[in-house]
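# Structural description and commentary
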Amino acid sequence: MTATPSAPFANPLSEEGRHVKAVDPCVMVIFGSTGDLTGRKLLPALYNLANDGELPARFACVGFARRDKSHEQFRSEMHSDIAKFSRTQPIDEEVWKTFASGLYYHRAEFDNDAGYESLRQFLDELDQRHGTAGNRLYYLSTPPRYFPLIIEKLSQHELIYPYGKGEARWSRIIIEKPFGQDLPSALALQNHINRYLSEEQIYRIDHYLGKETVQNLLNFRFTNPIFEALWNNRHIDHIQITVSEELGIGTRGHFFEEAGTLRDIVQNHMMQLLSLVAMEPPNNLKAASIRNEKVKVMEAIRPLTQEGLAEVVRGQYGPGFIGQQAVIGYREEQDVAADSNVETYVALELHIDNWRWAGVPFFLRAGKRMPKRTTEIAIIFRCAPDLMHQSDVPQAAANAIVIRIQPDEGISLKFNCKVPGLYTLLQPVKMDFLYGCFFNSTPPEAYERLLCDCIAGDNTLFASADEVMASWRLFTPLLDYWHTHTSPPFPNYAAGSWGPSDADNLIGRSGRHWRLV
Amino acid sequence: MSPLCLEKTTSPDKAVRASLFNLIAYQPHRYGHYALNEVLENITSKLPCRSICISMDPSARALKIESIIHTLQKDAYPITCEQINIVTAGADLAKVPFALMPHLLPDLPIYLLWGQSPLADQTILPALQKFATRLVFDADEEGGDWHEFSTRMLEHLQKSPLDIMDVNWALIGAWRDAFVRLFYNPQAIEQLSYSQKLSLIYSGAVAKRDATESIYLCCWLAAQLGWTFRSFSEKAEGFFLEYSHARGSVEVVIAPQAQQAGGETALLSVDITTGNQTHYHLKRHLQGSTATVHISRSDSCDLPFTLPLPTLWRNLTYMKELFHYTAGSHYRNMLYQLASLPR
């Protein structure tokens, strides 16, 4: 099969409507395979794909890292991790046996040419053994500073191939976020990568896009005209997007000190959620159409003015309580400077200047060490004009559609009802749809869907270069502003609370308030 | 002063009432190796639905209706739904559609789970099919006369607007997907089209009813690959067919193996020798939802690998196969091939 996007092969055995991805055989190489992500997410995802029949019939996976270990040791470690972290339990040993027979480990340094040369020979052997046909998928599960080096080495050692140009094999790279630290570094990284790879070969992973509930967002909007008709500034008062985490930074102190919540959550995950909520209907479900609409809406976001930059709320958690458990503050965490000014909380107000959203504020907040773990999108509608009920009867509460991304995945609709009785009293009530209750099935994990799509060559659920740059164009001025202006005194919120009081003022200025999630 | 606290009280478990669809099940008899009540039980134990079960009791004096509250427990959220049983002696069968109509939940799909082919019943089905979303049936009720069944079913499909799903067709869904995964490029399809031998082993006896899944798979391949039917014979060892194509002929053997299938599907293994002498052996694991694939050529062998072969009740496979996927052009093509078999 050629790697160019020519007319797809019409398999006479393939039925319309049956979702069987007959994917090409391939080898996946995970750089940085001794890191946390491989055992917690990537290998469990691959195992579950194998279990569900979504991996190619001919597939192999190679862990690439510095530490010395044998194939068997790597397989044993992955077996333990999968037993711990897989969404399906217990491990099906028949499936594991076949899966493990295609699992290997390659010890080498990222900057060592001999390591890449021996990798190339090893992968050629695997092609013979497993029939993987020279197709390569490289997952860069490494600190971002290694991306340029690894890609350059892969190219030098002919481990990645030019896209198109009659090449029968394909090669793709998956890059974890963050993609750069700001706009200049993101552009530099992009320019470097473009010397070796075409955009079609680059898969920028944002695992939020692989979540079942995030995908349901597009289906919810565009297959239910009843809601799409209201999805505009005539009916919506404002939108709140919340990503709150109960956990602190754990052992990620090194990483978090360089990143902060803006880079870790807001610039990528939250902007993906915002773009899916705000985008126009695509012409079709092809990757290019969906991505184009997302970029359009991101480019319509009003840049933050000097005043706007100053109004963005940043916070850092201090000691407090999560449930009944006392927890330490951010500055006491491992690998965090005692005088660190890195933010663990961000809240901001954005506006989208287009016909659909003019005048509708989008309030975003993300934070660590909050009372509970929740990711949700709340669409708050305009209140009814107070015509039905005069004088002494309270106004009806605003309707709301709440899309719960995690946990308790589902959608709820809040509306008003009359309380039974002789008097007209109103009570807000909720209609609730819970995924887990209705379908009685554990949906695939985000990484399963994303890896499956990447192997199939479908980049719909991966961030495009345009999306990434649009997001960095919006937030780089904010990062520059923070760099040149003193932060508020940190810490400024207790762990276990809903963030600094400035966040309440941010939304309170317009007479609104944060939802209790 | 005592601390302010609420008295601990005992309250019934909170539950949510919900339904995804209406399911009307009708089983006048028990047929074949796959009883429809197992299908019903599997569905209602996994998904909340309003189920209405129609059964026959010759001793019943009058139509009897009773309802049962059914609870599915999923983590902290128990879901309740209703099961309504309608029992009839047969004489008042015509009343059944009227009896069940008030109990259908509006705005939700209505699936008919039928214990006989739609060609048989003329009492209840015509009254229901104008409301129904889909009819799911087990064709083995026709007594295994493939020619008769397929000919009449093709006529029925032309006339009836009701969407249908044949349970035996759903049961080989995973096998059809396995073929798509294995033969995924033009070269592989070309070699498959010029196959020389095809062997399907199933669990059961040399009986048409037991071999239905296998014959469906064979006819599907023949239809999609453009094979022309030549001959059919039934012997003590099994069923023997021959098809022809541009480069020769395909000898097909469908034979039983005295072995418990270990699941609801009877097809145990498939062997194919393709046009370029590549031999594929797919063998289903009796436990679990996988098959082992061995591919060998005259001068080499591939390492065996596992291909998923999900059973109907694995995760939400049944929901896709029975309620969402359509028995479209491939099913019709298969029926045309089936109709070419002698009576």
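With that settled, consider the packing of helix H7 (residues 212–222) of chain A against helix H9 (residues 253–278) of chain A. Residue and element names in this part refer to chain A. In the contact formed by H7 and H9, the axes pass within 9 Å of each other and the chain directions differ by 15°. Taken together, the axes of H7 and H9 are roughly parallel relative to one another. Considering only the axes of H7 and H9, their crossing is right-handed. On the side of H7, the interface is formed by Val 214, Leu 217, Leu 218 and Arg 221, while H9 contributes Leu 273, Leu 276, Val 277 and Ala 278.

Before going further, it helps to examine the pairing of strand S6 (residues 202–205) of chain A. On S6 of chain A, burial covers both faces: Ile 202 and Arg 204 of chain A on one face and Tyr 203 and Ile 205 of chain A on the other are all buried. Following the backbone out of strand S5 (residues 171–176) of chain A, through helix H6 (residues 183–194) of chain A and into the adjacent parallel S6 of chain A, one traces a crossover that is right-handed.

Moving on: the sheet that holds strand S2 (residues 59–65) of chain A. The pairing of strands in a sheet happens through backbone hydrogen bonds and is either parallel or antiparallel. Residues and elements named next belong to chain A. One open sheet accounts for six strands, arranged S3-S2-S1-S4-S5-S6; its pairing is parallel. The open sheet is flanked by strand S3 (103–107) and S6, the only strands paired with a single partner. Sheet twist, expressed as the average angle between the axes of neighbouring strands with direction ignored, equals 20°. Here strand S4 (residues 136–140) runs beside S5; their pairing, made up of five bridges, is parallel. Bridge pairing links Tyr 139 to Ile 174 in S5. Packing of helix H4 (residues 113–130) onto the sheet brings it into contact with strand S1 (26–31), S2, S3 and S4, and relative to S2 it is tilted by some 165°.

Attention now goes to the pattern of salt bridges. Residues and elements named next belong to chain A. Summed over all chains, the structure comprises 33 salt bridges over all chains. Linking Arg 120 and Glu 117 is a salt bridge whose minimum nitrogen-to-oxygen distance equals 2.6 Å. Of this pair, Arg 120 and Glu 117 are both found in helix H4, three residues apart, which corresponds to roughly one turn of the helix. Take Arg 120: its relative accessible area is 26%, and that puts it in the partly exposed class. In this structure, Arg 515 and Glu 376 form a salt bridge, with 2.7 Å as the shortest nitrogen-oxygen distance. Remark: Glu 376 occurs in strand S14 (residues 374–381) and Arg 515 occurs in the segment after helix H15 (501–508); sequence separation between them is 139 residues. Taking relative accessible area as the criterion, Glu 376 reaches 3% and is therefore assigned buried. Put simply, Arg 221, Glu 228, Glu 280 and Arg 356 are held in one network by salt bridges that share partners.

Residue and element names in this part refer to chain A. For Ser 487, the location among the structural elements is in the loop between helix H14 (465–484) and strand S18 (493–494). At 3.5 Å, the side chain of Ser 487 and the side chain of Asn 341 are in polar contact. Leaving out residues up to four positions away in the same chain, Ser 487 has contacts with Arg 314 and Asn 341.

This paragraph deals with the interface of chain A and chain B. The partner chain B presents 44 residues to the 35 residues of chain A that form the contact. Taking both partners together, chain A and chain B bury about 3,600 Å²; carbon and sulfur atoms supply 59% of that area. Among the residues of chain A in contact with chain B, Leu 13, Arg 18 and Phe 438 of chain A are the three that bury the most area, contributing 20% of the side total. Seen at the junction of chain A and chain B, the total is four salt bridges. In this structure, the salt-bridge partner of Arg 18 of chain A is Glu 321 of chain B, at a minimum N-O distance of 2.5 Å. If you look at where chain A meets chain B, you find six residue pairs in polar contact (both at pLDDT 80 or more). With four residues, the single largest contributor to the side of chain A that touches chain B is helix H12 (residues 435–439) of chain A. Residues belonging to the side of chain A that touches chain B are distributed by class as follows: 14 nonpolar, eleven polar and ten charged.

With that settled, consider the sheet that holds strand S12 (residues 345–351) of chain A. Residues and elements named next belong to chain A. Spatially, eight strands are ordered S8-S12-S13-S7-S14-S15-S16-S17 in an open sheet, and the strand pairing comes out mixed. Sheet topology places strand S8 (313–315) and strand S17 (426–434) at the edges, where each strand pairs with a single neighbour. Strand-to-strand twist across the sheet, computed as the mean angle between neighbouring axes with direction ignored, equals 15°. Note that S12 and strand S13 (residues 361–367) share seven bridges and pair antiparallel. By the bridge assignment, Leu 348 is partnered in S13 with Leu 364. Sheet contacts for H9: strand S7 (236–244), S12, S13, S14 and strand S15 (400–406); angle to S13, the most-contacted strand, approximately 145°. Lying on the sheet, H15 is in contact with S7, S8, S12 and S13; it crosses S12 at an angle near 10°.

The complete set of buried residues in helix H3 (residues 93–100) of chain A reads Val 95, Trp 96, Phe 99 and Ala 100 of chain A. Taken end-on, H3 of chain A shows its buried residues confined to a sector of 125°, consistent with a single buried face. Packing partners of the buried residues in H3 of chain A comprise helix H1 (36–52), helix H2 (71–85) and S3 of chain A together with strand S15 (290–296) of chain B. Two to three positions downstream of the cap, the backbone nitrogen of Glu 94 of chain A sits 3.0 Å from a side-chain oxygen, assigning the N-cap of H3 of chain A to Asp 92 of chain A.

This brings us to the environment of Ser 199 of chain B. Residues and elements named next belong to chain B. Among the structural elements, Ser 199 can be located in strand S9 (residues 197–203). Remark: the alpha-carbon pair of Ser 199 and Trp 175, spanning 24 residues in sequence, is separated by 14 Å. Once residues lying within four places of it in the same chain are set aside, the contact partners of Ser 199 are Val 253, Ser 269, Val 270 and Asp 271.

Rules and cut-offs
Residues numbered from 1 in each chain as written. Chains lettered and ligands numbered in written order. Predicted model: local features only at pLDDT ≥ 70, side-chain atom pairs only at ≥ 80, totals over all residues. Heavy atoms only, no water. Axes fitted to C-alpha atoms, helices over the stretch in contact; angles between N-to-C directions. Helix = DSSP H or I, 4+ residues; strand = E, 2+ residues; numbered from the N terminus. Parallel < 35°, antiparallel > 145°, perpendicular 65-115°, else oblique. Left-handed = near helix turned anticlockwise from the far one by under 90°. Contact = heavy atoms within 4.5 Å. Buried < 20%, exposed > 50% of the residue type's maximum accessible area, 1.4 Å probe, protein only. Right-handed = clockwise from strand over helix to strand, strands pointing away. Pairing = 2+ DSSP bridges. Salt bridge = Lys/Arg side-chain N within 4 Å of Asp/Glu carboxyl O. Polar contact = N/O pair within 3.5 Å; in protein donor to acceptor, adjacent residues only side chain to side chain. Buried area = accessible area lost by both parts, 1.4 Å probe. Nonpolar A, V, L, I, M, F, W, Y, C, P; charged D, E, K, R; others polar. Arc of directions from axis to C-beta.

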